[in-house]
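Letter by letter, the chains look like this.
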Amino acid sequence: MITGLPALSYEQQQQAVERIQQLMASGMSSGEAIARVADEIRSSHTGAHVAVMFDDEDEEEQA
C-alpha cells in the first residue's frame with residue numbers, strides 16, 4: 001500500500017511528542033493519544049507529504 005504522510009519539521013515532530021505526552025499525563029492510553037495527535041496533524045497539515053509504501057506481505061503470511 002502506498003500513501004502520502006505529512007512531512008513534519010523537527011520542531012513539528014517535537015510538538016507532536018509533547019502533545020502525546022500531555023494527553024498520556026491526563027490519563028489517556030498511548031495508542032489513543034498517538035491516534036488523536038495523528039488525526040489532528042492530518043486535519044490541519046497544509047505542507048508537503050512524503051510518499052510511503054507499506055509492505056503488507058508479512059501480514060498475509062501470518063494469516
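Up top is the structure these notes are about.
Residue positions within a chain follow its written sequence, with the count starting from 1. Local features are withheld for residues below a pLDDT of 70 in this predicted model, meaning they are given only at 70 or higher, and side-chain atom pairs are given and counted only at 80 or more; totals for whole chains, interfaces and linings count all residues. Water and hydrogen atoms play no part in the side-chain values, which are based on all heavy atoms of the structure.

(A) Structural detail: the overall build of the protein. By the criteria applied, helices consist of DSSP H or I runs no shorter than four residues and strands consist of E runs no shorter than two, each listed in order from the N terminus. Tallying secondary structure elements over the protein gives three helices and two strands in all. The N-to-C order of helical and strand elements in the protein reads β-α-α-β-α. Note on contacts: a residue pair qualifies if any of its non-hydrogen atoms lie within 4.5 Å across the two residues. In the protein, the proportion of contacts linking residues at least 24 apart, taken out of those at least 6 apart, comes to 68%. We get accessible surface area from the Shrake-Rupley algorithm with a probe of 1.4 Å; when it comes to residues, only the shown protein chains can shield them. Element-wise, carbon and sulfur atoms account for 51% of the exposed surface of the protein, whose accessible area totals about 5,000 Å².

(B) Molecular detail of the nonpolar core. Counting residues in each nonpolar core, the largest one holds six residues, listed as Ala16, Ile20, Leu23, Met28, Ala33 and Val37. Within the residue set of this core, elements represented by two or more residues are α1 (10-25) and α2 (30-44). For this core, the element with the most residues is α1, which contributes three residues. Beyond its immediate sequence surroundings of up to four residues, isoleucine 20 is in contact with Ala33, Ile34 and Val37. Among the buried residues, those of types Ala, Val, Leu, Ile, Met, Phe, Trp, Tyr and Cys that are joined through side-chain atoms within 4.5 Å form a nonpolar core. With a 1.4 Å probe rolled over the protein chains alone, any residue whose accessible area is under 20% of its type maximum counts as buried; one over 50% counts as exposed, and the rest are partly exposed.

(C) How the structure looks around the pattern of salt bridges. The term salt bridge refers to a side-chain nitrogen of Lys or Arg lying within 4 Å of a carboxyl oxygen of Asp or Glu. Applying the stated rule across the entire model yields two salt bridges. The salt bridge involving aspartate 39 is made with arginine 42; its shortest N-O contact spans 3.2 Å. In this pair, aspartate 39 and arginine 42 are both assigned in helix α2, three residues apart and thus about one turn of the helix distant.

(D) The arrangement of the packing of α1 against α2 in detail. The geometry of α1 relative to α2 is characterised by a closest axis approach of 9 Å and an angle of 135 degrees between their N-to-C directions. As summarised for this structure, α1 and α2 are arranged oblique, according to the angle between their axes. Like other packed secondary-structure pairs, α1 and α2 cross with a definite hand, here right-handed. Where α1 approaches α2, its residues Ala16, Arg19, Ile20, Leu23 and Met24 are matched on the opposing element by Ser30, Ala33, Ile34, Arg36, Val37, Glu40 and Ile41. Interaxial angles span 0 to 180 degrees and are taken between N-to-C directions of axes, which are lines fitted to C-alpha atoms, for helices over the stretch in contact. Angles are sorted into four bins: roughly parallel if under 35 degrees, roughly antiparallel if over 145, roughly perpendicular if 65 to 115, and oblique for all others. Should the near helix be turned anticlockwise from the far one by less than a right angle, the crossing is left-handed, and should it be turned clockwise, the crossing is right-handed.

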